[in-house]
Structure formats: structure tokens, C-alpha cells
Amino acid sequence: MDRARLALSRRDLLKALLGGAAALPFASRMKSAHGDGGGRARRLVVFYFPDGVPGRSQDGQASLWDARMEGGDVALGEILAPLGMLRRECVFLNGLSMGSTDEGSHPGGAKKLLTARDGGNGESIDQYLARTVASDAPFRHLYLGAMATQNNASGDKFISYPSAGVTVAPEDDPLRAFSRVFSMGAVARPSPSEGDAGATTVDPSEDEALVLDNAIAEVRDLRGRLDDRARSKLDVHLDALTEVRGRVARVGPMPATDAGTTAPMASCDNPTLTFTHPGAAGLVAPENFPAILRAQIDVMVQAMACGLSRVGVIQGSQHTSELIMSRFRDTEMYDAGFDMRSHQASHYGARQDRSNRLFTDYLKQRRWWVTQFAYLLEQMRARPEGDGTMLDHSLVLLCSEVSDGNTHSHQDMPFVLAGRGGGCVTPGRVLDAGGRRHGDLLAAIARAMGADVNGWGDASSAALPGLLT
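The structure contained in this document is the topic of the report that follows. For clarity, every value in this text was computed on a predicted model and none was experimentally measured. (Residues numbered from 1 in each chain as written. Predicted model: local features only at pLDDT ≥ 70, side-chain atom pairs only at ≥ 80, totals over all residues. Heavy atoms only, no water.)

For the rest of this paragraph, the subject is the overall build of the protein chain. The number of helices and strands found in the protein chain is eleven helices and 15 strands. For the protein chain, with 469 residues in total, the buried portion stands at 56%. Pairs at least 24 apart in sequence give 75% of the contacts found in the protein chain among residues at least 6 apart. As displayed, the protein chain has an accessible area near 18000 Å², and 47% of this comes from carbon and sulfur atoms. (Helix = DSSP H or I, 4+ residues; strand = E, 2+ residues; numbered from the N terminus. Buried < 20%, exposed > 50% of the residue type's maximum accessible area, 1.4 Å probe, protein only. Contact = heavy atoms within 4.5 Å. Areas by Shrake-Rupley, 256 points an atom, 1.4 Å probe, with all protein chains shown as cover.)

Pasting the structure below:
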């Protein structure tokens, strides 16, 4: 396995900054990141998987996305079973609705998923939190994908909205993500004036700032010649460039070793990622998907553990996914002689028929996704933090854009919220929302992060009752 280990020069840093401006999910501020104590969640991670679950069937069979309370403990059905050892770290949410608009539509569900607004006509909760209560992190928003941009995907294939009707694309290459995140993190060590008296410093060079100043001037000139809709999209890019310019101005003085090379980060020395890069073509080969997704999870967890971000989204594939999951070696889905795609399997028919291969493969696929979510939680739970673990101080949301994959229903959505949010969430239970809008869940997450919101999106009336302690 190849190991990526970064020790960057200042010129490398500028390249990473400019790359971050082009890849909007990495827009951020160069400030130290500290978790918020006092019963608030320090961070939020959203974990998305495509094409729903076996919900209530058309002939009335109960949903197989099954969590219930039995004898004071959580009992999980076969799809959620991979969370068995983590069940006391999760709140399993039943009865949340995304509303009737675009009912039966994958794109409609993806647009509403994090915005809670019909047609995606609003900012998504991740972007809002990154812009407000989590804006002190060096990378205020991380958006990582695994084959999420496959087939030149754009628009409603993505779930993160920095403004109404405008999505951004995730970074699908784990090594690119790792390089960008930790190149910025490499300058997060305190300067001599902040107590590191033994280090020498390097001042930022004027030509680097000039490059960005010229780029910003060009974009502003172009903006003046566009219509309102085009300006709205360009403003997202302009904001990112402006933030990058601010970072360059705040980087110096930068600590250096006696040899003049960049010093290791104070919070996480020598960050590494173990991942065999398959090349550009290999990044969209289905047999490589499990390793790519695991690598993106590792990047996200390490970045957040190192204080480099507090809000992140991991997007596995895209809605109506053509991901051939039967090519995943060493899984129960593997079949060298048959290609079974995610969206293909989700259309298993009107009933849950275990003699139907579409249905049984769909069950296996959904269980696999839950297993990946369990891996994310395990990585966070394994890291001590404060008076507990990283997971104790976080919130982690598992979600998809539809409930039942066959009908594309937007009712009784499959949400699981993990973590204790620094003490404001009590996990190890099942919470019935009684048909309330899922914007109430998003509002509760925002309040747990310290945001002053009373609801989120269309028809949301308050933070979800019973979720926050």
C-alpha cells in the first residue's frame, strides 16, 4: 500500500490554496479550530448513501429498516444489524417526512435532503453551519465523495447547497483530498509570538497575494457583465477566492525548521493516508469503490480529529446510482458473473419477495452501506477526546434521498443520528417523530452545534421534540 505523508513548502501551500478555491467544498478560513464544550456538538458529519432502503412495500409489508425498543434496549432488524455493537451510540429515527412535493422522485429527494426546501431552494444545513458556528475551523466545510461525480455528474446529483438552487461537487479522489486538507493544516502550528519561541519564521511573499488579487479582480469584472442567475453562481466562486486571499494574508509568520522546511503540525504530527491509488480510470471502477470510500472516511476522521474542520459530508455514489455493487470483492454481494447495480436492485417490485434476486441483492447492498457507516463510527469512537471519545463530542447523520427504493417515497425517511453531541443528545434509543418534517431534525442538529435556529426549511416548526436533552 502507498503511504501519503506531507511536508510542504510555502510554494506548495499556495498551490494547495488555489486548488482549494477551484474545489469549492474546501473553502475555509485560516484560523485555529477548537471544539465547543458546554454540552454542544463540536462537529457534524453527514454520511449519504443512494437509492433508499426496503421501506413499507406496496402490498403493505412493514419496512425492513427496522429499529424498535425491546426491554429497555434497541433491537435492530437485519439491515441495521451491522450497528448492533454501536446501537447505544445511535438514535434511530422513525416517522420523519420530507413532504409530498416531488414525491416519487430521486432528484426531488436529493434537493430536499439537507436543505429541507422543495426544489433545493435554500442553503443546506451543512453549508449553513460551516458558514456560521463552525467558521472558525481552518477548513470550514469538507465535502468528500466516492464516485459521486461519475459520468460528469452535476446539479441535483449532489446534496450540498451553498445557496438556493446551487450545488457544489465533492472531491472524489482521496489522495487529492488528503493533500489539500493537510497541506493547509501544515501551517497551523503556533508562531513565535504565540509561544513557540524556538522556531524561525518565513514571511508571506507579495507575489503570491498578487496572483490572488488579480484573479479576484478578473472575476469581479466578469460578474458585472452577467445576468442575475449567472452572478449568483459566480458569487460562490468569488467568495471562495476571497477567503483564500485572506488565508494567504494570515499564514505568515510561518514556523520553519532550521533547514527552512515546513514544521509539522502542532495538533497532528506527520498525517498519513494508506491508500493504493488506482489512477484516474480506476477511481470510477466499481471494484475499487470500497477502498475509495474507506479512504475518504479516514481522511474525514483524521481531518476532524486534527481540528482542521468541524462540518463534513461524505457522499457515496449518487442518486439513481449505476454503481455495480456485485463487483465488490470479499463481500456477500460479490458475483463475478452478474452485474447488479444499486438503482437496478432498488426496483425490486411491489413486494418483499426473497425468491427475487433483485430484492435479496438490495438487502445485501443496504446492509453493506450500514456497515460502512459503522466503520465511520468505530473510527471516531476509537479516538479519545476530552472526557470521552471523538464520537461522544460529535453528531453523525446517516441518510438517503428516498425512503423505499422501489416507490421513491419521501415518507418515513431512513435517518440515524449517532453521537452524543457533547452531552446534548442521549443515544441508545428509538425516537418516533410522528410524521413531522425532517427539517425539524436538521434544526435540532443546528441547535446542538450552537446555532440559533427555530426550524429549518419548508414547514419546519421547531427543533425535533425529544431529541435534545
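Continuing now.
Time to look at helix α8 (residues 289-305). Between the first and last C-alpha of α8 there are 24 Å, a value that for 17 residues agrees with the 24 Å anticipated at 1.5 Å per step. Burial of α8 is extensive: 13 of the 17 residues sit out of reach of the surface. Taken from the residues just after α8, Gly307 is the one with a positive phi, measuring 75°. (Expected span 1.5 Å × (residues − 1).)

With that out of the way, let us pick up helix α11 (residues 439-448). Counting buried positions along α11 gives nine out of ten residues, so the element sits mostly inside the fold. Along α11, the positions that sit buried rather than exposed are Gly439, Asp440, Leu441, Leu442, Ala443, Ala444, Ile445, Ala446 and Ala448. Residue Gly450 follows α11 closely and has a positive phi angle near 100°.

The next thing to look at is the sheet that holds strand β13 (residues 394-399). Within the open sheet, the seven strands sit side by side as β6-β10-β2-β13-β14-β5-β15. Their pairing is mixed. Strands at the two margins of the open sheet, each flanked by one partner only, are β6 (142-146) and β15 (429-432). Each adjacent strand pair in this sheet contributes to an overall mean axis angle of 15°, direction not counted. Where β6 and strand β10 (residues 311-316) come together, five bridges link them in parallel fashion. Bridge pairing links Tyr143 to Val313 in β10. Across the sheet, helix α10 (residues 357-381) touches β2 (43-48), β5 (90-94), β10, β13 and β14 (415-418), and the angle it forms with β13 is around 175°. (Pairing = 2+ DSSP bridges. Axes fitted to C-alpha atoms, helices over the stretch in contact; angles between N-to-C directions.)

Tallying each qualifying case throughout the model produces 24 salt bridges. With a closest N to O distance of 2.8 Å, Arg68 and Glu70 form a salt bridge. Relative accessible area serves as the criterion here: at 44%, Glu70 is assigned to the partly exposed category. For Glu89, the salt bridge goes to Arg420, with nearest N and O atoms at 4.0 Å. (Salt bridge = Lys/Arg side-chain N within 4 Å of Asp/Glu carboxyl O.)

This paragraph deals with unusual backbone geometry. Phi is positive for Asp102, close to 60°, though the residue is something other than glycine. Following the sequence through the fold, Asp102 ends up in the loop between β5 and α2 (106-113).

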